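Coordinates in review
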Amino acid sequence: MTTTVQTFQNFIGGKWQAAREGRTFANYNPATGEVLGYFPLSSTADVDAAVASARQAFESWRLVPAPKRGQILFRVGELLSRHKEELARIMTREMGKVLKETRGDVQEGIDMAYYMAGEGRRLFGYTVPVELPNKSGMALRDPVGVVACITPWNFPIAIPTWKMFPALVAGNTIVLKPASDTPQSALRLVEILQEAGLPEGVVNLVCGSGQEVGEALIHHPAVAVISFTGSTESGRHVAVEAAQSLKRVSLEMGGKNAVIVLDDADLELAVEGILWSAYGTTGQRCTACSRLIVQRGVHDHLLEKLLPRIEQLRLGDGLDEQVDVGPVINASQLEKIHAYVEIGQGEGATLVTGGACAEGEGLTSGNFYRPTLFKDVRPEMRIAQEEIFGPVLSVIAVDTFDEAIKVNNQTPFGLSSAIYTQNINNAQRAMRDLTTGILYINSGTTGAEIQLPFGGTRGTGNGHREAGIAGLDVFTEWKVVYTDYSGKLQKAQIDS
Ligand code: UN1
């Protein structure tokens, strides 16, 4: 029996359509190597059409009352809940992470839909007293226009929703370019948006490469905002290019997140948090823990507890509910991870476990890498400074809490940090002194919730935040309105 592989299309102006040049690319299951589908390999002409349709739809969408826009997002939340299992399975097949995690990914989208549905009845601006009589002043949120969302493969549903839902509730329209490794999840998400009643042209989807589709979006004069999540290298390129036309750019990039374990920590608890945040999602989260900063008093004891747990992690196809760790997304990531392992060995770190592709039943046709642990890592080593984005954890021993803080803060990134301590004074100091966008006390580095700002310091981003109310700032322009009802000319700063 031969099964035909489906060919998927772009979504532009409310219509599904092939790429204008007719080209396609294949997408593969990272656990099996099987072809999952063919997707449009789009060009500038497709981007032009999508932006034109978004630009046209903007004129009416911005006038739809925000509570109505919110209502559509509420329906999106309901539909995502109804299709949660189906979406999770599509996602596991194309991205690799285990089902309980892809269900969580969809759940983040559901949470964001309901949260932003509520924003439809808030979208708070503010009023303040003004200095002259019979005059008022207020600040309102206006939509910005066409928003290009360029999204990564590690959270194929959640991250597009973090960008699209606040943008939509605020009255913007969208062109979404999903990662080429996970287009089908995005496609299903867009189908659901359409089913929920989003008008034509409000959301458009264009599949294809960063070089063509991404580049065309960055340079398109009618794109007002670019919201990008991905590698630091690509993010920097987006910022540099978009600066030419003074586009607003929100960047969400790398992490080199650390769990700090102090001598007074609950070690059992720490082991659970470290395992989950270092090897969950096969280490492919920007919030993943890739450094373990341990005070010397508990260093050996912690590693004794951690090591067998790492070695017990079951690798395999994420569709199998018994599996803990799925494959790495693609062959080039696999090579990159292994190259870093060799770099670590070359730098003099001690490889404790892993450090090689995984072999065994069910693992030969996929991109599987063994959960890896290095010890004797010094803070300045490349494996302790650069984002690897895989299941590789580097242990750095420190003498004091002060040293732990210093080591935590001395990387090019500042997304997420965690500290295990039973001492409230240490926890308070960590809150004050760790330069990070997100801090967890007695929990691992992953697990941000959508109602609070998400993003980081230093090279992790460019000062913007996603999610929560802060997420609205990227997609709204402050407009200030003064009304003078005195019936005469009143001069501010002069007549006051
Ligand atoms: C990401 O890795 O890009 O906090 C997002 C977390 C998830 C989101 C991760 N809620 O780990």
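An account of the accompanying structure is given in this report. Just so you know, these numbers come straight off a predicted model, no measurement behind them.

**A look at the environment of Ala216**
- Inspection of the secondary structure puts Ala216 in helix H7 (residues 210-219).
- Since its relative accessible area comes to 11%, Ala216 is described here as buried.
- Note: C-alpha distance between Ala216 and Trp162 (54 residues apart in sequence) is 22 Å.

**With respect to the sheet that holds strand E6 (residues 135-143)**
- With antiparallel pairing, three strands are arranged side by side in an open sheet as E5-E6-E21. One side of each edge strand has no neighbouring strand; the edge strands of this open sheet are strand E5 (126-128) and strand E21 (476-484). Strand-to-strand twist in this sheet, taken as the mean axis angle between neighbours without regard to direction, amounts to 20°.
- Examined bridge by bridge, E5 and E6 share three bridges and lie antiparallel to one another. Among the inter-strand pairings, Val128 is bridged to a residue of E6, identified as Gly137.

**Observations concerning the sheet that holds strand E15 (residues 372-375)**
- Strand order across the open sheet formed by seven strands is E14-E15-E16-E13-E12-E18-E19, with mixed pairing between neighbours. On the outer flanks of this sheet lie strand E14 (350-353) and strand E19 (438-441), each paired with one strand and no other. Sheet twist, expressed as the average angle between the axes of neighbouring strands with direction ignored, equals 20°.
- Taken together, the five bridges between strand E13 (residues 289-295) and strand E16 (residues 392-398) define a ladder with parallel strand orientation. Bridging across to E16, Arg291 finds its partner in Ser394.
- Together, E14, E15 and E16 form the strand contacts of helix H11 (residues 331-347), whose direction differs from that of E15 by roughly 20°.
- The strands that helix H12 (residues 401-409) touches are strand E12 (257-261), E13, E16 and strand E18 (416-420); relative to E13, the one it contacts most, it runs at about 165°.

**Focus on the site of the ligand**
- Inspection of the region around the ligand gives Glu108, Asn154, Phe155, Ile159, Trp162, Arg285, Cys286, Thr287, Thr446, Gly447, Ala448 and Phe454 as its neighbouring residues.
- In the model, an oxygen atom of the ligand is placed 3.3 Å from a nitrogen or oxygen of the Asn154 side chain.
- For the ligand, an oxygen atom lies 2.7 Å from a polar atom in the side chain of Thr287.
- When atoms are counted within 2 Å of each cavity's grid points, the one that captures over half of the ligand is the second largest pocket.
- For the shell around the ligand, the residue count by class is six nonpolar, four polar and two charged.

**Re the nonpolar core**
- Residues Met164, Phe165, Leu168, Val261, Leu292 and Leu306 are the most contacted members of the largest nonpolar core, which totals 95 residues.
- Here the element with the most residues in this core is helix H5 (residues 158-169); it accounts for eight residues.
- Every residue in contact with Met164, bar those within four places of it in the chain, is listed here: Cys149, Ile174, Leu176, Leu189, Leu193 and Val203.
- In terms of nonpolar packing, the next biggest core, distinct from the first, is built from 27 residues, Ala349, Ile383, Ala384 and Val392 among them.

**Re helix H10 (residues 296-311)**
- Under the 1.5 Å per step criterion, the end-to-end length of H10 is 23 Å for 16 residues, consistent within 8% with the ideal 22 Å.
- At Leu302, H10 is bent by approximately 30°, the largest bend along its length.
- Here H10 has its buried residues at Val298, His299, Leu302, Leu303, Leu306 and Ile310.
- Where the residues of H10 are buried, they touch E12, helix H9 (267-279), E13, E14, E15 and E16.

**Some words on the packing of aromatic side chains**
- Within the structure shown, the criterion is met by seven aromatic pairs.
- Relative to Phe39, the ring of Phe25 lies with its centre 6.0 Å away and its plane at 35°, an arrangement referred to as tilted. Residue Phe25 is located in strand E3 (residues 24-28), and its partner Phe39 is located in strand E4 (residues 35-40); the two are separated by 14 residues in the primary sequence.
- Phe25 gets classed as buried once you look at its relative accessible area, which sits at 14%.
- Given a relative accessible area of 0%, Phe39 falls into the buried group.
- Put simply, the rings of Phe8, Phe25 and Phe39 touch in pairs and so form one group of aromatic residues.

**Here we look at the pattern of salt bridges**
- Under the counting rule described, the total for this entry stands at 26 salt bridges.
- In this structure, Arg23 and Glu212 form a salt bridge, with 3.1 Å as the shortest nitrogen-oxygen distance. Here the residue Arg23 occupies a position in the loop between strand E2 (15-17) and E3, and Glu212 occupies one in helix H7, the gap between them amounting to 189 residues.
- Residue Glu212 is classed as partly exposed on the basis of its relative accessible area, which comes to 28%.
- Measuring nitrogen to oxygen at the nearest pair gives 2.7 Å for the salt bridge that ties Arg309 to Glu272.

Thresholds, definitions, all that
- Residues numbered from 1 in each chain as written.
- Predicted model: local features only at pLDDT ≥ 70, side-chain atom pairs only at ≥ 80, totals over all residues.
- Heavy atoms only, no water.
- Helix = DSSP H or I, 4+ residues; strand = E, 2+ residues; numbered from the N terminus.
- Buried < 20%, exposed > 50% of the residue type's maximum accessible area, 1.4 Å probe, protein only.
- Pairing = 2+ DSSP bridges.
- Axes fitted to C-alpha atoms, helices over the stretch in contact; angles between N-to-C directions.
- Contact = heavy atoms within 4.5 Å.
- Near = heavy atom within 4 Å.
- Polar contact = N/O pair within 3.5 Å; in protein donor to acceptor, adjacent residues only side chain to side chain.
- 1 Å grid on protein atoms, 1.4 Å probe; cavity = no way out; pocket = protein on both sides within 12 Å on 5 of 7 lines; lining within 4 Å.
- Sits in = over half its atoms within 2 Å of the grid points.
- Nonpolar A, V, L, I, M, F, W, Y, C, P; charged D, E, K, R; others polar.
- Core = buried A, V, L, I, M, F, W, Y, C linked by side-chain atoms within 4.5 Å.
- Expected span 1.5 Å × (residues − 1).
- Bend = angle between axes of the 7 residues up to and from the residue.
- Phe/Tyr/Trp six-rings, centres within 6.5 Å; stacked < 30°, edge-to-face > 60°.
- Salt bridge = Lys/Arg side-chain N within 4 Å of Asp/Glu carboxyl O.

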